[in-house]
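Below are the chains, spelled out letter by letter.
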Amino acid sequence: MAELVPIPLPLLLRRAFLEYEREGKIFDLPKSKFFRGFPDLDLSVRFHGHRAATPLGPAAGPHGQLAQNIVLSWLGGARIIELKTIQVLDELKIPRPCIDAANVGYNVEWSQELKLEQSLGEYVGAAMFLEILKASKLLGDGIPDETVFDMSAGYDLAGIRSPRVRSWIASMKDAAPVIDELRASLTGDLAPYRDLPFPTRVSDTISLSTFHGCPAGEIEAIAEFLLAEMDCHVCIKLNPTLLGRAEVAHLLHQVLGYREIQLHPPAFENDLQWDQAIDLIPRLRRRAAALGKSLSVKFSNTLVVKNHKGVFRDDLMYMSGPPLHVLAMTLVRKFREAVPEPIPISFSGGIDAHNFAGAVALDLVPVTTCTDLLRPGGYGRLFRYLENLAAKMRELGVSAIPDFVRRHRAAAESAESAPNPRYRWERNRGVPRKIASHLWLYDCIACDKCVPVCPNDANFVYQTSATVIGYDNFELRPVGAYRRVPGGVLRIDKARQFANYADACNECGNCDVFCPEDGGPQQHKPRFFGSLESYRKHAGANGFFIDGDTIHGTIAGAAFTLALDPAAGRARFDSPAAVVTIDIAEERPISWQPKPPAADPLLLDMLPYLKLKLLLEAVRDPRHVNFVNVGGRS
Ligand code: SF4
Ligand code: SF4
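Because the structure is predicted, anything quoted here is derived from the model rather than measured.

Time to look at the packing of aromatic side chains. Counting across every chain of the model gives 19 aromatic pairs. On the numbers, 5.7 Å between centres and 5° between planes, the contact of Phe560 with Phe573 is stacked. With Phe560 in strand E24 (residues 558-565) and Phe573 in strand E25 (residues 570-574), this residue pair connects regions lying 13 residues apart in the sequence. The pair formed by Phe560 and Phe573 is uniform in burial state, with each residue classed as buried. Feature note: the residues Phe27, Phe129, Tyr501 and Phe627 constitute an aromatic cluster, connected by ring pairs. Looking at Arg15, its charged tip hangs above the ring of Phe627, at a distance of 4.4 Å from the centre. In this arrangement the basic side chain of Arg79 is found over the ring face of Trp74, its NZ or CZ atom lying 3.9 Å from the centre.

Attention shifts here to the domain arrangement of the protein chain. When its domains are assigned, the protein chain resolves into domain 1 (1-33 + 433-634) and domain 2 (39-417). The distance between the C-alpha centroids of domain 1 and domain 2 comes to 38 Å. With 35 residues of domain 1 at the interface, the matching set in domain 2 holds 47 residues. When the two sides are added together, the surface that domain 1 and domain 2 hide from each other amounts to roughly 3400 Å², 72% of it contributed by carbon and sulfur.

The subject of this paragraph is the sheet that holds strand E19 (residues 482-492). Strand order in the open sheet formed by 3 strands is E19-E18-E28, with antiparallel pairing between adjacent strands. Edge positions in the open sheet fall to E19 and strand E28 (602-604), since each of these has one partner strand only. Each strand of the sheet is rotated relative to its neighbour by a mean of 20°, with strand direction disregarded.

Let us now look at the sheet that holds strand E14 (residues 316-319). Strand order in the open sheet formed by 4 strands is E7-E8-E14-E13, and the pairing between neighbours is antiparallel. In this open sheet, the two strands that pair with only one neighbour each are strand E7 (99-100) and strand E13 (303-306). Alignment of E13 against E14, held across 4 bridges, turns out to be antiparallel. When the sheet's bridge partners are listed, Lys306 is paired in E14 with Leu316.

So, on to the site of ligand 2. Close contacts around ligand 2 come from Leu439, Cys444, Ile445, Ala446, Cys447, Asp448, Cys450, Phe498, Cys515 and Pro521, and that covers them all. Grouping the amino acids of the shell around ligand 2 by side-chain chemistry returns 9 nonpolar, no polar and 1 charged.

This part takes up the nonpolar core. Core analysis: the biggest nonpolar cluster contains 208 residues, and Val124, Leu226, Ile236, Met319, Leu389 and Phe528 have the highest contact counts within it. Domain assignment of the residues forming this core places at least three in each of domain 1 (1-33 + 433-634) and domain 2 (39-417). With sequence-adjacent residues up to four places away left out, Phe528 is seen in contact with Phe460, Ala499, Asn500, Tyr501, Ala502, Asp503, Phe544, Ile546, Ile551, Leu615, Val619 and Val628.

In this section: the site of ligand 1. In the neighbourhood of ligand 1, 13 residues make up the surrounding shell, with Cys454, Cys505, Cys508, Gly509 and Cys511 lying closest. Class assignment for the residues of the shell around ligand 1 results in 5 nonpolar, 7 polar and 1 charged.

Now for the packing of helix H7 (residues 216-229) against helix H10 (residues 274-290). Put simply, H7 and H10 touch, their axes get as near as 11 Å, and they point 15° apart. With respect to their mutual orientation, H7 and H10 come out roughly parallel. As H7 runs across H10, the sense of the crossing is right-handed. Contact residues: H7 offers Ala216, Ile219, Glu220, Ala223, Glu224, Leu227 and Ala228, while H10 offers Gln276, Leu280, Arg283, Leu284, Arg287 and Ala288. In the contact of H7 with H10, the residues fall into 8 nonpolar, 1 polar and 4 charged.

Below, the discussion takes up the side chain of Asn506. Relative to the assigned elements, Asn506 resides in the loop between strand E20 (496-501) and helix H15 (510-514). Reaching out from Asn506, the side chain makes a polar contact with the side chain of Glu113 at a distance of 2.8 Å. In contact with Asn506, not counting residues within four places along its chain, are Leu4, Gln65, Arg96, Glu109, Glu113 and Asn456.

This paragraph deals with the pattern of salt bridges. Evaluation of the coordinates by the stated rule reveals 50 salt bridges. For Arg381, the salt bridge is made with Asp372, and the minimal N-O distance between the two is 2.8 Å. The network of salt bridges with common partners includes Arg15, Glu19, Glu23, Lys25, Asp28 and Asp457.

Moving on: helix H8 (residues 245-255). Regarding H8, the residues found buried are Val248, Ala249, Leu251, Leu252 and His253. End-on, the buried residues of H8 take up no more than an arc of 165°, which puts them together on one face. Along its buried surface, H8 packs onto helix H9 (265-270), E13, E14 and helix H11 (322-338). Just downstream of H8 lies Gly257, where phi reads positive at about 85°.

The rules behind each value
- Residues numbered from 1 in each chain as written.
- Chains lettered and ligands numbered in written order.
- Predicted model: local features only at pLDDT ≥ 70, side-chain atom pairs only at ≥ 80, totals over all residues.
- Heavy atoms only, no water.
- Phe/Tyr/Trp six-rings, centres within 6.5 Å; stacked < 30°, edge-to-face > 60°.
- Helix = DSSP H or I, 4+ residues; strand = E, 2+ residues; numbered from the N terminus.
- Buried < 20%, exposed > 50% of the residue type's maximum accessible area, 1.4 Å probe, protein only.
- Lys NZ or Arg CZ within 6 Å of the ring centre and 35° of its normal.
- Domains from an automatic or database assignment.
- Contact = heavy atoms within 4.5 Å.
- Buried area = accessible area lost by both parts, 1.4 Å probe.
- Pairing = 2+ DSSP bridges.
- Axes fitted to C-alpha atoms, helices over the stretch in contact; angles between N-to-C directions.
- Near = heavy atom within 4 Å.
- Nonpolar A, V, L, I, M, F, W, Y, C, P; charged D, E, K, R; others polar.
- Core = buried A, V, L, I, M, F, W, Y, C linked by side-chain atoms within 4.5 Å.
- Parallel < 35°, antiparallel > 145°, perpendicular 65-115°, else oblique.
- Left-handed = near helix turned anticlockwise from the far one by under 90°.
- Polar contact = N/O pair within 3.5 Å; in protein donor to acceptor, adjacent residues only side chain to side chain.
- Salt bridge = Lys/Arg side-chain N within 4 Å of Asp/Glu carboxyl O.
- Arc of directions from axis to C-beta.

Here it is in structure tokens:
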């Protein structure tokens, strides 16, 4: 199984600059989907005292984990970035697949997959990336850019107080040493950015995840620790179980019709209870104010349910998407009715382009999204959220969010009180269509869906020529003679091909869900690694690594290396059976060294040679910029 390997900041930057210049996109997001602001509107909001240029954010999850994900969220218009939840247990093995967004939205990806130090590097690197983007003026002037990075941490007091997590939070609040380390990597064409005055306070706000039955007393103690000792503003992220089992069952089963969803009773017993919450939160809010900090709540975390689908191996899974929207909105309404104090609320639960403006109208800050971004279009879907918000603001004749909230409040609150039919089971039971064909290394229907649905931008397009290559194989004799024997045909039907950058792929399975063909792009398309080390460790049956004119490749479990020497017109082809020097133009062996136990005659199968050569030439082709062909530039 592949492991996420963070991509170095210089590589991310070089790719972004080149890709924008050559193809008008960054990390596969076309510039037409970049948020550049609306000249007649001010979408800014305040979050824990900080100004953010929009109320939109990715929810703590797959879209806030790697630096490129954060940049993609930002390009789409997110300005309050809820970073993926960190915790002291940073070597957990998350089962794969871990995301099933076919319709409702389930996952078992509840924790970070990177080590704490790696997460720190990703978040600080992303913040620096955005500063460099601004300084480069690549996207022009005047883009509303005030951005808040919001940390997210879980899941118990001992873990959060541990020296590692404490030091992690401190390093986000003063990231100077990490910034200095990353500065030093900005060399060559990136040297002009090395001395930028990167803000060292990457974040001073933290959302506390209260998953897994964190009791009231412990939540209070963690909040106290974060407010008083870590000197952070705090958001308490609450669970839908707060509604109580009877109400959740009623809403899910009776009102919305999701009868197949089975609740997990212990979660309702162990999680924070309603009466405890409405006692605890105002008290914490007052305590925060006394410390000069702010405290908010978030509705809501995902809902833990029994695994009724069999996509995941675990017994439990976490529900998001349309039904969660109704649960989370119900919590917002009930909480506001029960707690008269104006406690800021942020929101997560089934947000998409159609209901985003409605949530903003309810004065929820930020309004975050996740499941919707896992669907075709990916981060490109964010732009419509803001366009629709802008249209609603213009309809009401307002130009700023506070006025929008005031004008919209009465209508929006009454409209949300009865769930819209769009959240019902009948409207959310369809699954992506499959077409009964299986993926292989080359060719597919080239629908392009696997590229944007990947939160990590791990899948990419490369270009080749549609071609039919008839080839001979060779019988190699010990004395240096060979004999041509019938080979076969390598047929490539499409010029547009797809590959996977395995270092950025955690095998979450989301592209498999949306790919119309079977097998999963992340398994059957060529998987490229960023280093020989990660190739050797994780290639499995299908893996490649390109280093200059050399390609290492494992095809169907057999390992090969092909080193081209274009000046000499020769290639060194290292296969499990022999090391062979090949005349590139004539596609025939020149000399060979069999590997024991040597067969006599030895058969040289030219198909792996042709596949490797084709991949090497096509993936390096600079017309399509990707993480493979931009590596190694300086
Ligand atoms: S390539 Fe597919 S499996 Fe890999 S991270 Fe992206 S969506 Fe998940
Ligand atoms: S691999 Fe699947 S999702 Fe990707 S382009 Fe091909 S058919 Fe579409």
